[in-house]
Amino acid sequence: MSMRRFIAPLAACLLVSAPIAACSSSDDAGGGGGSITVRVYPLKSEADDKAFWATQVAAFEKANPGIKVTVDVQPWKDRETILVTQITGNKAPDVAYMVPDELRAFQAKGALEPIPDSVPKDGYRPAALNATTVDSKVYGAPILMSVIPGTCDKKVLTAAGITTPPATWDDLMAIAPKLKEKGFYATQLDATQAAAINTTFYPWVWQAGGDIFDQGGNLTVNSPQAVKALTYWTNLVKQGYAPKAEATTAVPLDQSAMAKRKVACEFNIEPNLLEKQWGDDRVVIPPLKDTVQRTYGTVGAYTILKGSKNKAAAAKWISFVTQPQVMAAVDKFGGYFAPKTTANLGYAPGTPAAETEKYLDMGYTGPAVAKGREVQAVIAPEVQAAVLGQKTPEQALQDASKNAQQILSR
Amino acid sequence: MTSLPTQVHVGPPPTEEEPAPAPARAPRGWWQQHGALAGIAFVLPMFALFVLFRFLPFLGGFGLAFANVDLGGEITFAGMANFQYMIHDQLFWKALTVTLLYSVIVVPLVIVVSIGLALLVRRGTRSMRIFRSVFFLPVITSLVLAGVVFIWIFGDGGPVPSLMSVFGLDTGSWLTNSALALPAVAIVAAWSRFGFDMLVVLARLNEIPRELEEAALVDGASAWQRFRHLTLPQLRSVVFFLAVIETITSFQVFDAIYIMTSGGPVNSTYTLGFMLYDQAFKFFNFGYSSAVSIVLFVIVLAFTLIQRFAFGRDDNG
């Protein structure tokens with residue numbers, strides 16, 4: 001073969017590898033001087049959030065002359081991708097909002113600075129601060145908390161003649177046949193790879209009394225409790241009590257059975273996020289219980305990126321925004337809850353927000369494990385395999401354990 | 001590269017009246033040839049951009065494959081560790097299998113459809129020109145947007161499963177079926193690509209002299225015989241080009257899968273391109289992701305060379 005004939009396909013193939021390598025290129029930039037950039041994600045909508053933060057920034061800059069703050073509101077979707085690309089390109093913000101498993105992953109890769117002592121840490125709920133602490137160092141200053149209790153669609157319950165929403169796994173299974181008879185699903189499950197399975201499947205394992213990792217960080221995904229949870233899931237799908245498509249494919253929420261008002265109760269999404277789909281028909285119920293009453297609850301926190309050129313100003317911003325009165329304004333604006341007991345939100349009694357707040361202490365994020373997200377990615381397809389009937393729950397979780405162990409051993 | 005022949009004097013010896021022959025001219029370099037510098041001037045910017053944005057990043061990625069990269073900026077030499085891990089990584093082998101399977105489905109599909117449609121819209125009538133535009137529309141349509149529509153088309157109660165049930169095939173949602181999810185994504189990818197390929201084939205078809213076909217027609221050749229023995233051989237170079245391009249594209253598939261299946265169900269649509277993304281941007285394993293990209297590069301190169309030999313050495317058919 002002539003050189004020309006070799007080089008032409010070679011050159012064409014070079015295109016394949018370029019995108020990944022491009023991410024490793026470096027560029028000189030940073031938030032030096034008296035300015036910082038803060039990365040946040042919409043608590044309401046991009047426009048509303050920008051207006052809200054403009055007010056907070058003005059108050060901060062007035063109290064801290066010489067420091068200029070730019071709040072960058074980015075979409076939730078693919079937020080890690082954007083942030084990682086910016087970090088590798090030396091274009092990262094100084095401060096970024098993160099949830100605990102995300103924080104742990106970035107911290108393990110050396111991207112975060114501990115929150116300095118100058119940032120007040122008094123008044124926090126212990127669970128909030130624990131969720132952002134790694135090896136006794138606080139890497140995130142909590143700004144909000146959320147919890148996913150259960151939400152039922154009053155319209156569906158009424159149509160099926162159900163007067164008492166489910167409180168336990170047995171209750172849910174008991175009302176399911178009646179709902180099916182009327183053309184409804186009892187619930188909607190989600191084990192898609194796009195989903196954060198720690199918010200969808202893990203809570204069922206917790207409710208069965210198990211966990212994915214024990215407190216020592218050892219993998220326990222194939223425990224009898226996890227098998228019990230997965231068996232329960234497969235039964236729901238097998239008997240037509242939960243839609244199969246939504247459990248295994250990333251069906252957009254607006255195209256899902258839930259949006260079509262075909263689902264009685266769901267346990268994957270915060271009630272405030274269902275306002276568009278279910279409106280005033282939302283009935284907030286306590287987290288389900290098998291042997292333990294527990295659900296997913298997260299802590300949103302501000303972190304300082306290692307590449308920040310102005311860590312002192314970043315710390316001042318975090319101190320400002322986590323003051324009880326500012327924190328309360330942030331959480332009230334977004335419909336979330338305050339990690340500081342001293343921040344009073346004053347949600348009106350009876351509203352979905354006030355009802356949800358009652359279950360804040362039942363929220364759990366699971367043990368912080370550096371490769372927790374990577375492990376989630378091997379558990380999700382195995383859960384799908386069980387839901388689709390391709391594997392028994394025991395076999396699926398055995399395989400998940402084997403694949404996860406390989407990741408953890410790297 | 002050729003050089004001008006030196007002048008050789010073969011006549012009688014020169015007399016005093018005759019001028020002495022000019023001394024032999026030194027060979028001219030390629031850069032001295034007519035138009036060479038202009039050609040270089042035109043090519044150089046693109047070449048520089050290619051080196052800057054494609055080749056150098058590729059070298060960077062090649063280096064990263066032998067390293068572990070910290071988001072704090074620390075890079076440590078890892079030797080062959082990433083490749084050794086890859087050998088035992090079941091997910092890698094699964095992704096490789098899915099990628100190969102996907103390519104086997106989508107490359108022939110898109111080429112066959114493109115040739116078929118190009119033959120149909122070959123005539124330059126007004127209505128055919130409209131069809132050409134319509135067939136090209138998917139190329140300029142956002143695959144992300146189309147993906148959402150195709151979720152409905154292949155999903156539970158969508159047109160495709162409903163059509164299947166008419167024929168007694170109860171497939172349910174294609175996207176939750178491990179055997180049908182990949183073909184569904186392949187069909188969407190082919191849908192988004194055939195318009196471009198059709199134009200390439202059409203351009204070549206229009207170069208084929210009509211007289212050849214008319215002569216075959218006079219000789220009594222059937223439509224299939226004319227296509228098989230006359231048109232198809234003329235399309236060999238185009239088919240090779242499309243096979244290479246489509247193979248490369250299919251190995252890099254990402255967006256349709258990202259939107260429609262996220263690699264599921266049960267990893268049945270989890271391709272190497274998706275794995276690269278996950279490893280780099282979800283799990284921050286840049287070294288391992290680069291190692292996978294190197295393997296992907298070698299596979300694509302090998303396939304391209306194999307296709308090169310399979311289609312013969314004569315580009316012009």
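Scoring rules and cut-offs
- Residues numbered from 1 in each chain as written.
- Chains lettered and ligands numbered in written order.
- Predicted model: local features only at pLDDT ≥ 70, side-chain atom pairs only at ≥ 80, totals over all residues.
- Heavy atoms only, no water.
- UniProt positions renumbered as here; feature names shortened; annotations may be inferred.
- Helix = DSSP H or I, 4+ residues; strand = E, 2+ residues; numbered from the N terminus.
- Contact = heavy atoms within 4.5 Å.
- Areas by Shrake-Rupley, 256 points an atom, 1.4 Å probe, with all protein chains shown as cover.
- Buried area = accessible area lost by both parts, 1.4 Å probe.
- Salt bridge = Lys/Arg side-chain N within 4 Å of Asp/Glu carboxyl O.
- Buried < 20%, exposed > 50% of the residue type's maximum accessible area, 1.4 Å probe, protein only.
- Disulfide = S-S within 2.5 Å.
- Domains from an automatic or database assignment.
- Nonpolar A, V, L, I, M, F, W, Y, C, P; charged D, E, K, R; others polar.
- Core = buried A, V, L, I, M, F, W, Y, C linked by side-chain atoms within 4.5 Å.
- Patch = residues over 30% accessible without salt bridge, like charges linked within 9 Å, V, L, I, M, F, W, Y side chains within 5 Å.
- Polar contact = N/O pair within 3.5 Å; in protein donor to acceptor, adjacent residues only side chain to side chain.
- Axes fitted to C-alpha atoms, helices over the stretch in contact; angles between N-to-C directions.
- Parallel < 35°, antiparallel > 145°, perpendicular 65-115°, else oblique.
- Left-handed = near helix turned anticlockwise from the far one by under 90°.

For chain B, an unreviewed UniProt entry supplies the name Carbohydrate ABC transporter membrane protein 1 (CUT1 family) and the organism Labedaea rhizosphaerae. Regarding chain B, the UniProt comment filed under Subcellular location (unreviewed entry) reads as follows: "Cell membrane". Of chain B, the UniProt comment under Sequence similarities (unreviewed entry) reads exactly: "Belongs to the binding-protein-dependent transport system permease family."

Under an unreviewed UniProt entry, the name given to chain A is Multiple sugar transport system substrate-binding protein, and the organism recorded is Labedaea rhizosphaerae.

Caption draft 1: The overall build of chain B, seen in detail. Helix and strand counts for chain B come out as 13 helices and two strands. Long-range contacts, defined as pairs at least 24 residues apart, comprise 65% of the intrachain contacts of chain B with a sequence gap of at least 6. If you sum the accessible surface of chain B, you get close to 17,100 Å²; carbon and sulfur atoms cover 69% of it.

Caption draft 2: View of the UniProt feature "transmembrane region" (unreviewed entry) in chain B. Taking the numbering used here, the UniProt-annotated feature "transmembrane region" (unreviewed entry) corresponds to residues 35-56, 100-121, 133-154, 174-196, 238-260 and 280-306 of chain B. End C-alpha atoms of residues 280-306 of chain B are separated by 30 Å, and the span's content is 89% helix alongside 0% strand.

Caption draft 3: Looking closely at the interface of chain B and chain A. On the side of chain A, 54 residues touch chain B, which itself brings 59 residues to the contact. Together, the buried faces of chain B and chain A total about 5,000 Å²; carbon and sulfur atoms form 64% of this surface. Three residues stand out in chain B for area buried against chain A, namely Leu71(B), Tyr85(B) and Phe281(B), and they jointly supply 13% of the buried area on that side. Linking chain B with chain A are one salt bridge. A salt bridge links Asp78(A) to Lys282(B); the shortest N-O distance between them is 3.9 Å.

Caption draft 4: Just the environment of Ala179(B), in detail. All names here are of chain B. Note that Ala-179 resides in the loop between α6 (159-166) and α7 (181-205). When its relative accessible area of 58% is taken as the criterion, Ala-179 is described as exposed. Taking the C-alpha atoms as reference points, Ala-179 and Ser-268, 89 residues apart in sequence, are found 7.5 Å from one another.

Caption draft 5: Molecular detail of the state of the cysteines. Residues and elements named next belong to chain A. Scanning the entire structure with this criterion turns up one disulfide over all chains. Across a sulfur-sulfur distance of 2.1 Å, Cys-152 and Cys-265 are joined as a disulfide pair. Across the S-S bond linking Cys-152 and Cys-265, the dihedral sits near 100°, which makes this disulfide right-handed. One end of the pair, Cys-152, is in strand β8 (residues 150-153); the other, Cys-265, is in strand β9 (residues 265-266), with 113 residues separating them in the sequence. One exposure class covers both Cys-152 and Cys-265, and it is buried.

Caption draft 6: Spotlight on the domain arrangement of chain B. Residues and elements named next belong to chain B. Domains assigned within chain B are domain 1 (30-64) and domain 2 (89-310). Each of domain 1 and domain 2 has a C-alpha centre, and the two are 30 Å apart. Across the contact, four residues belong to domain 1 and four residues belong to domain 2. For the pair domain 1 and domain 2, the summed buried surface comes to about 360 Å²; carbon and sulfur atoms form 78% of the total. Taken together, the links from domain 1 to domain 2 amount to zero salt bridges. When grouped by side-chain class, the residues that make up the side of domain 1 that touches domain 2 number three nonpolar, one polar and no charged.

Caption draft 7: The nonpolar core, seen in detail. By size, the foremost hydrophobic cluster in this structure holds 157 residues, and its most contacted members are Phe106(A), Trp204(A) and Phe154(B). Ranked by residue count, the leading element in this core is helix α3 (residues 90-120) of chain B, at 13 residues. Residues within four places of Phe106(A) in sequence aside, it is in contact with Glu80(A), Leu83(A), Val84(A), Ile87(A), Met98(A), Ala111(A), Leu112(A), Leu71(B) and Phe284(B). Val38(A), Val40(A), Tyr97(A) and Ala131(A) belong to the second-largest nonpolar core, a separate cluster that totals 52 residues.

Caption draft 8: Here's a closer look at a nonpolar patch on the surface. A contiguous nonpolar patch, built from Trp30(B), Trp31(B), Leu37(B), Ile40(B), Phe42(B), Val43(B), Leu44(B) and Phe47(B) and spanning about 910 Å² of accessible area, is present on the exposed surface. Given a relative accessible area of 30%, Ile40(B) falls into the partly exposed group.

Caption draft 9: Representation of the environment of Tyr288(B). With respect to the secondary-structure elements, Tyr288(B) resides in helix α13 (residues 286-310). Between the C-alpha atom of Tyr288(B) and that of Ala67(B), which follows or precedes it by 221 residues, the distance is 8.2 Å. Not counting chain neighbours up to four residues away, the residues in contact with Tyr288(B) comprise Arg410(A), Asn82(B), Tyr85(B), Met86(B), Asp89(B), Phe92(B), Met275(B) and Gln279(B). Within the structure, Tyr288(B) has its side chain in polar contact with the side chain of Asp89(B) (distance 2.5 Å).

Caption draft 10: Region of the structure containing the packing of helix α2 (residues 46-63) of chain A against helix α13 (residues 311-321) of chain A. Residue and element names in this part refer to chain A. For the pair α2 and α13, the least separation of the axes is 11 Å and the interaxial angle reads 115°. Taken together, the axes of α2 and α13 lie roughly perpendicular to each other. At the point where α2 passes α13, the crossing takes the right-handed sense. On α13, the residues that touch Trp-53, Gln-56, Val-57, Ala-59 and Phe-60 of α2 are Ala-313, Lys-316, Trp-317, Phe-320 and Val-321. Residue classes in the contact of α2 with α13 are distributed as eight nonpolar, one polar and one charged.

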